[in-house]
Amino acid sequence: MTQTQSGLLAVVIGASAFALVFAIFLARWVLSRSRGTPEMQKISNAIQEGAEAYLARQYKTIGMLSVVVAALLGIGYGFFRQTTANDPVQDPRTFALYVTASFLLGAFSSGVAGYVGMWVSIRTNIRVASAAMTSLNDALQTALRGGAVSGLFTVAMSLLGVGGLFAVLSTMTPAGMDQAEWSRHIPFLIVGYGFGASFVALFAQLGGGIYTKAADVGADLVGKVEAGIPEDDPRNPAVIADLVGDNVGDCAGRGADLFESTAAENIGAMILGVLLYKSFGINGILFPLVIMALGLLCSIVGVMVVRTKEDADPMKALNFGYYVTAALVTVVFFFASRTLLQVEAAPDAWWHYFFCGVIGIVTSILFVFITQYYTEYRYRPVLSIAEASQTGPATNIIAGLAVGMESTVLPVITIGAAIIASYTLGQNSGLVNEAGQAIGGLFGTAVATMGMLGTAGYILAMDVFGPITDNAGGIVEMSRQPASVRDKTDRLDSVGNTTKALTKGYAIGSAALAAFLLFSAYLDEVRNLTGQTLHVDLSKPVVFVAGLLGAMLVFWFSSLAMTAVRKAASSVITEVRRQFRERPGIMEGTEDPDYAACVDIVTVGALKAMILPGALVVMFPIVIGVVFKHFGGPGEFMGAESVAALLMVATITGILMAGFLNNGGGAWDNAKKYIETGAYGGKRSEAHKAAVVGDTVGDPFKDTAGPSLHVLIKLLATITLVLAPLFI
């Protein structure tokens, strides 16, 4: 290993280790806070028990599925695929071992990151509720720092996995191969890590999303609409399941989601960095990891500067922390680009790529503003849904669908501008190949993606802030604390709804940039395997049909996810109605509901329902690639081209569908909350009842199908990247 390579890996692994240590410090700080009254602790303990029981059962299922997929990968790579001259290693058994081991490590690391985030969040909620009894600022800082444990741990684990694998493999240079050549092969050997992370993330996000929304829908429709009791009322048998769902969906699920985002996108960028090895050497391959590592340190600073006054808007404090993080990432991008990407052959390349990174950072900020506009009740879209609620649920739903569809316009324009601008900057960087052709465009889009992901640690902290404050509000309501305390948690909960929506918007934007990055990495992988550049021609009937099937997959997957919520929610509704009917003492306050029955119903329903849509996504591109490769003639590589078309069209459709579902669902939610402030008759008015129905429709949009599509987009890309040899 060269001195430069070892130095850069030391920066990556050192910064990641520091972030893990700091996450432990934050966890200890949060856990040292007061746990409130015995009544609050009783509710918090029930949430912990339900969340940990669900996650243990879910991860057992995911673990078994991961072992099966790993075995199939090992058998397929080791015994059935043909070795090519361009393979990273020539022994198929050794190649299979690398891919399978990296897959299992990625799956395990993703699971650990999701579990740690949820473990801390279900212990932070009661401490936020207790802090709200004395100070809004204390409650805000406790919630954000609890969320930051998840954010820092997730990104650091991802970096340690990729960087650690690269470091270990760097010491295993085969006989007869020099270090420089071996370093160019390593990114192709660790693509299984991103696949493993994406595989676990899909099931974690999908299962958690089904759980949380089935419980939420059941609790809202029977409790708020039929029985007329407040949200989080202790008389509602589904309320504990609802609070558990916030953690398993938004903490464990989203943690696994962003873990696989950083892992897959780092590996994709490293593969594109291999193309520029003659210009940048090892610096170009490790540049993405260095940026992410330094971004972690910037996120730590952003988290620690957040504070607010008792009468101030907590959202402004969180935004300030985000702007500090983004500004610091911009600074480190400048110095990292100047240090690692400055070469004599192209003296202007470093600042071209610096501005590519700035484009990514600006894109993330624009997504924050766009998502706020479409999901906060200060602006026209949400206000229009609230106004439409005056004439009933039908007009509320029509308005919400219209807002969701409209909300795809600005993000697509923003993504399109970012891709074109970063690609153009890269192409004009002065980097050329032996034939004098510009070759830096794709790396420009990769650097823009790294710029957007540079703030991932802080963004995930804001996301987990949402379920923590939601749980805190539920604990305060169920333990019957004074209205002044509930007012504080309501303010934080409202901000939490916005931060969750922002994170979903950020995830869409990063998924879109990453999809282009990973698609380019797939084409590069095919070129590496065949020695030819793959051109995707949609005028070929077979290729067009593959693209059409890709679009269909997005709709089919979304349908299965929302159907799963409906079925599980129906079971919850039936159980809650049964308890109200057979045990009248519940509504009178003389008898406790059976919370455990609803928790068990949703757990079983979610775990069963996540298998089919998850398996569908994994198997679909494999079947298309293996079957369609028989339609082409010699040298056509029709299987690889068909899979590329499927990936391309599914990505475009998935980005649009995810934006529609996420923003539409978030707008419905905040339209309901706006009416609950007293507008159009306030709580229990006809407009409020209509808004609750709309919010219920939007729940599986924004918390089940929408977030799962982020993972679907990247999982398709990582599957095709890992299994590209099967399609040749």
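Conventions we followed
Residues numbered from 1 in each chain as written. Predicted model: local features only at pLDDT ≥ 70, side-chain atom pairs only at ≥ 80, totals over all residues. Heavy atoms only, no water. Helix = DSSP H or I, 4+ residues; strand = E, 2+ residues; numbered from the N terminus. Rg over C-alpha atoms; globule rule 2.2 N^0.38 Å. Areas by Shrake-Rupley, 256 points an atom, 1.4 Å probe, with all protein chains shown as cover. Lys, Arg positive; Asp, Glu negative; His and termini not counted. Charge placed at Lys NZ, Arg CZ, Asp CG, Glu CD. Phe/Tyr/Trp six-rings, centres within 6.5 Å; stacked < 30°, edge-to-face > 60°. Buried < 20%, exposed > 50% of the residue type's maximum accessible area, 1.4 Å probe, protein only. Lys NZ or Arg CZ within 6 Å of the ring centre and 35° of its normal. Contact = heavy atoms within 4.5 Å. Arc of directions from axis to C-beta. Expected span 1.5 Å × (residues − 1). Bend = angle between axes of the 7 residues up to and from the residue. Axes fitted to C-alpha atoms, helices over the stretch in contact; angles between N-to-C directions. Parallel < 35°, antiparallel > 145°, perpendicular 65-115°, else oblique. Left-handed = near helix turned anticlockwise from the far one by under 90°. Patch = residues over 30% accessible without salt bridge, like charges linked within 9 Å, V, L, I, M, F, W, Y side chains within 5 Å. Salt bridge = Lys/Arg side-chain N within 4 Å of Asp/Glu carboxyl O.

For the protein chain, the helix and strand inventory stands at 23 helices and zero strands. Taking 2.2 N^0.38 as the reference for a compact globule, 728 residues should give roughly 27 Å; the C-alpha atoms of the protein chain span a radius of gyration of 25 Å, in line with that estimate. When the backbone C-alpha atoms are referred to their principal axes, the protein chain occupies close to 80 × 50 × 40 Å. When the accessible surface of the protein chain is totalled, it reaches about 23,900 Å², and 64% of it is carbon and sulfur. Here the protein chain carries 46 positive and 53 negative side-chain charges, and the mean point of each set is 3 Å from the other.

Applying the stated rule across the entire model yields 28 aromatic pairs. With a centroid separation of 5.0 Å and an interplanar angle of 80 degrees, the aromatic rings of Tyr373 and Tyr374 are classed as edge-to-face. Its relative accessible area of 28% is what places Tyr373 among the partly exposed residues. Look at Tyr374 and you get buried, because its relative accessible area is 3%. An aromatic cluster of three or more residues is present, and its members are Phe334, Phe335, Trp350, Trp351, Phe354 and Phe355. Between Arg145 and the ring centre of Trp29, over which it is positioned, the NZ or CZ distance is 4.7 Å. Over the face of the ring belonging to Tyr277 we find Arg184, whose NZ or CZ atom lies 4.8 Å from the ring centre.

Our focus in this paragraph is the environment of Pro593. Structurally, the position occupied by Pro593 is in the loop between helix 19 (585–588) and helix 20 (595–609). Here the alpha-carbon distance between Pro593 and Pro234, two residues 359 residues apart in the chain, equals 8.1 Å. In this structure, Pro593 is in contact with Pro234, Arg235, Asn236, Pro237, Gln579, Arg583 and Ile586, ignoring residues within four places of it in sequence.

This paragraph deals with helix 12 (residues 380–388). Within helix 12 the residues assigned to the buried category are Pro381, Val382, Ile385, Ala386 and Ala388. Down the axis of helix 12, the buried set is contained in an arc of 165 degrees. They therefore lie on one face. Packed against the buried residues of helix 12 are helix 11 (349–375), helix 13 (393–406) and helix 22 (638–676).

Moving on: helix 9 (residues 282–304). If you check helix 9, its first and last C-alpha atoms are 34 Å apart, about what 23 residues at 1.5 Å a residue would give, namely 33 Å. At Pro288, helix 9 is deflected by roughly 35 degrees, the largest bend along its length. The element helix 9 is extensively covered by neighbouring structure, given that 19 of its 23 residues are classed as buried.

A few words now on the packing of helix 1 (residues 3–31) against helix 9. Two elements in contact, helix 1 and helix 9, have axes whose closest approach is 9 Å; the angle formed by their N-to-C orientations is 25 degrees. When the interaxial angle is binned, helix 1 and helix 9 end up roughly parallel. Crossing of helix 1 over helix 9 shows left-handed handedness. Together, Thr4, Gln5, Leu8, Leu9, Val11, Val12, Ala15, Ser16, Phe18, Ala19, Phe22 and Leu26 of helix 1 and Ile282, Asn283, Leu286, Leu289, Val290, Ala293, Leu296, Leu297, Ile300 and Met304 of helix 9 make up the contact between the two elements.

Glancing now at a nonpolar patch on the surface. Taken together, the side chains of Leu538, Phe544, Val545 and Leu548 make up a nonpolar region of the molecular surface, amounting to roughly 360 Å² of accessible area. Within the fold, Leu548 resides in helix 18 (residues 541–582). Using a relative accessible area of 53% as the deciding quantity, one classes Leu548 as exposed.

What follows covers the pattern of salt bridges. For the coordinates displayed, the defined rule picks out 22 salt bridges. Between Lys213 and Asp699 there is a salt bridge, and its shortest N-O distance comes to 3.6 Å. Note that Lys213 is positioned in helix 6 (residues 191–226) and Asp699 in helix 23 (residues 686–723), a separation of 486 residues in sequence. Here the two residues Lys213 and Asp699 agree in accessibility, since each one is buried. With a shortest N-O distance of 3.8 Å, Lys672 and Asp669 are connected by a salt bridge. Placement of the pair is Lys672 and Asp669 together in helix 22, with a separation of three residues, close to one helical turn. For the pair Lys672 and Asp669, one class covers both residues: buried. Put simply, Lys213, Asp216, Asp669, Lys672, Lys673, Asp695, Asp699, Lys702 and Asp703 are held in one network by salt bridges that share partners.

The residue Gly665 is located in helix 22 in this model. On a C-alpha basis, the gap between Gly665 and Thr696 in space is 8.7 Å, while along the polypeptide they are 31 residues apart. Once you skip the residues sitting within four places of it in the chain, Gly665 turns out to touch Gly698, Phe701 and Lys702.

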